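Chain by chain, the residues run as shown.
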Amino acid sequence: MTFTEWSVILGAVLTVALATGPWMFMVHAKLAVIASKIVDLCDKMDHTSEEHRRLWKVSSRHESRLDTHDVQLSHIAERLRGS
């Protein structure tokens, strides 16, 4: 190949690279933003899951306390009826 042919090929490759370069950087930047938002969303989901688990434990404890109080109140009511 001659110098002219190489310069035409090199010019075409550089033109394509310079034309697509900014677009590729823009796509890369958008993908980076999307990736960071996904990471934030995953962190929020983990936190929400932990909070949900904690609230279910609290709810379960309160329900068992209410059941205990119901039993105690029924015993008290039986004693009052018996007296």
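Refer to the structure printed above.
Overview of the structure. (Residues numbered from 1 in each chain as written. Predicted model: local features only at pLDDT ≥ 70, side-chain atom pairs only at ≥ 80, totals over all residues. Heavy atoms only, no water.)

The next thing to look at is the pattern of salt bridges. Summed over the entire model, instances satisfying the criterion amount to one salt bridge. The salt bridge partner of Arg54 is Glu51, with a shortest N-O separation of 2.6 Å. Taken together, the residues span about one helical turn, with Arg54 and Glu51 both in helix α1 (residues 3-82) at a distance of three residues. (Salt bridge = Lys/Arg side-chain N within 4 Å of Asp/Glu carboxyl O. Helix = DSSP H or I, 4+ residues; strand = E, 2+ residues; numbered from the N terminus.)

Together, Asp40, Asp43, Asp46 and Glu50 line one region of the surface with negative charge. As for its placement among the helices and strands, Glu50 is situated in helix α1. (Patch = residues over 30% accessible without salt bridge, like charges linked within 9 Å, V, L, I, M, F, W, Y side chains within 5 Å. Areas by Shrake-Rupley, 256 points an atom, 1.4 Å probe, with all protein chains shown as cover. Lys, Arg positive; Asp, Glu negative; His and termini not counted. Charge placed at Lys NZ, Arg CZ, Asp CG, Glu CD.)

Mapped onto the elements of the fold, Lys37 is located in helix α1. Separated by 24 residues in sequence, Lys37 and Val13 place their C-alpha atoms 35 Å apart.

Looking now at a positive patch on the surface. A cluster of like positive charges, contributed by Arg53, Lys57, Arg61 and Arg65, occupies part of the molecular surface. Along the chain, Lys57 falls in helix α1. When its relative accessible area of 54% is taken as the criterion, Lys57 is described as exposed. (Buried < 20%, exposed > 50% of the residue type's maximum accessible area, 1.4 Å probe, protein only.)

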